[in-house]
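The chain contents come next:
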Amino acid sequence: MAKSKRPTVALIYDFDGTLSPGNMQEFGFIQAIGKGKEEFWKKNKELSEKNDANGILCYMYLMLQAAKNNDISLKRESFIQFGSQVELFNGVREWFTLINQYGRSIGLDIKHYINSSGLKEMIEGTSISKEFENIYACSFLYDIDGVAYWPGVAVDYTTKTQFLFKINKGIKEVSDNTKINEFIHESERPVPFENMIYFGDGETDIPCMKMVKDHGGHSIAVYGNPKKRATAYKLINDNRVNFACSADYRKDKDIYAVVKRILDKIKADHEFNRLLKIHKQQAINADHKK
């Protein structure tokens, strides 16, 4: 039998509440502007509801205004510095090496992606930023002095779904609106949906988790607080996700065991489908010789 190409598997993560407890703005930035997190998010909610506006754009606007009012520089370097203060759940730093090693051991090529309503610039400042093939998240435009002045990308729960298709088709650029609409046969797409594993914790992740699941992939509802376990289980009962796991990424914990079994299944399905194609071709060849 011909040697098959190593299948690519995409592990796609939300960030806030999935890899990190809380919202990333709460680590460094909100303290720098002298506000409490409750006050900041209350103001964001009020601004959004009063103007019937997008909550993601509102929080980005509030960050710009708060920085201006407090004489805080919002250069890219400032966001990266704030990002370096972001806390991560147990085991996250070691997670990528563990999963990459296991994937390699069974003949899979593992790639990691972020799909977040948080800030790309802050995620780039975290200790795990180098682990990701691409980071799809909110970002700012910068003026000639390198200071943020306007939202460049705003990612909400519906916007997130477009990035699944970009991963599926191997498109990294957020700005691309040409290749994403070109027809690419399913067999030629770099990452089939059935080779995706989606990790999310909140309502903004539900469309993506449901889409991945419905297209043959696997979705995991992650909860950092045991009190939110019931909410995660409800997503299983509502047929929106496959699994619900605590946000503890250490090797002896549930989420590692679940992902290992999913990877085993992806590998087995790949080999099974390869055998089907081989035998189908053999049957066609035999028929032609009659």
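None of the values given here were measured: they were computed from a predicted structure.

S.K.: Before we move on, can you summarise helix α5 (residues 92–105) with the specific residues and values?
M.R.: Between its first and last C-alpha atoms α5 spans 20 Å; for 14 residues at 1.5 Å apiece the expected length is 20 Å, and the two agree. Taken as a whole, α5 has its buried residues at V92, W95, F96, L98, I99, N100, Y102 and G103. Phi turns positive one or two residues past the end of α5, at G107, with a value near 85°.

S.K.: Describe the pattern of salt bridges, naming the residues involved and giving the relevant values.
M.R.: Taken as a whole, this structure holds 16 salt bridges when the rule is applied. For K130, the salt bridge goes to E131, with nearest N and O atoms at 4.0 Å. Accessibility expressed as a relative area gives 66% for K130, which makes it exposed. Since its relative accessible area comes to 21%, E131 is described here as partly exposed. Salt-bridge contacts for K210 lead to D214; the nearest nitrogen and oxygen are separated by 3.5 Å. Linking K210 with D214, this pair stays in helix α8 (residues 206–214), spanning four residues, or about one helical turn. In this structure K210 comes out as partly exposed when scored by relative accessible area, which is 25%. D214 sits in the partly exposed class, given a relative accessible area of 48%. Connected through shared salt-bridge partners, D109, K111, E133 and K172 make up one network.

Calculation notes
- Residues numbered from 1 in each chain as written.
- Predicted model: local features only at pLDDT ≥ 70, side-chain atom pairs only at ≥ 80, totals over all residues.
- Heavy atoms only, no water.
- Helix = DSSP H or I, 4+ residues; strand = E, 2+ residues; numbered from the N terminus.
- Expected span 1.5 Å × (residues − 1).
- Buried < 20%, exposed > 50% of the residue type's maximum accessible area, 1.4 Å probe, protein only.
- Salt bridge = Lys/Arg side-chain N within 4 Å of Asp/Glu carboxyl O.

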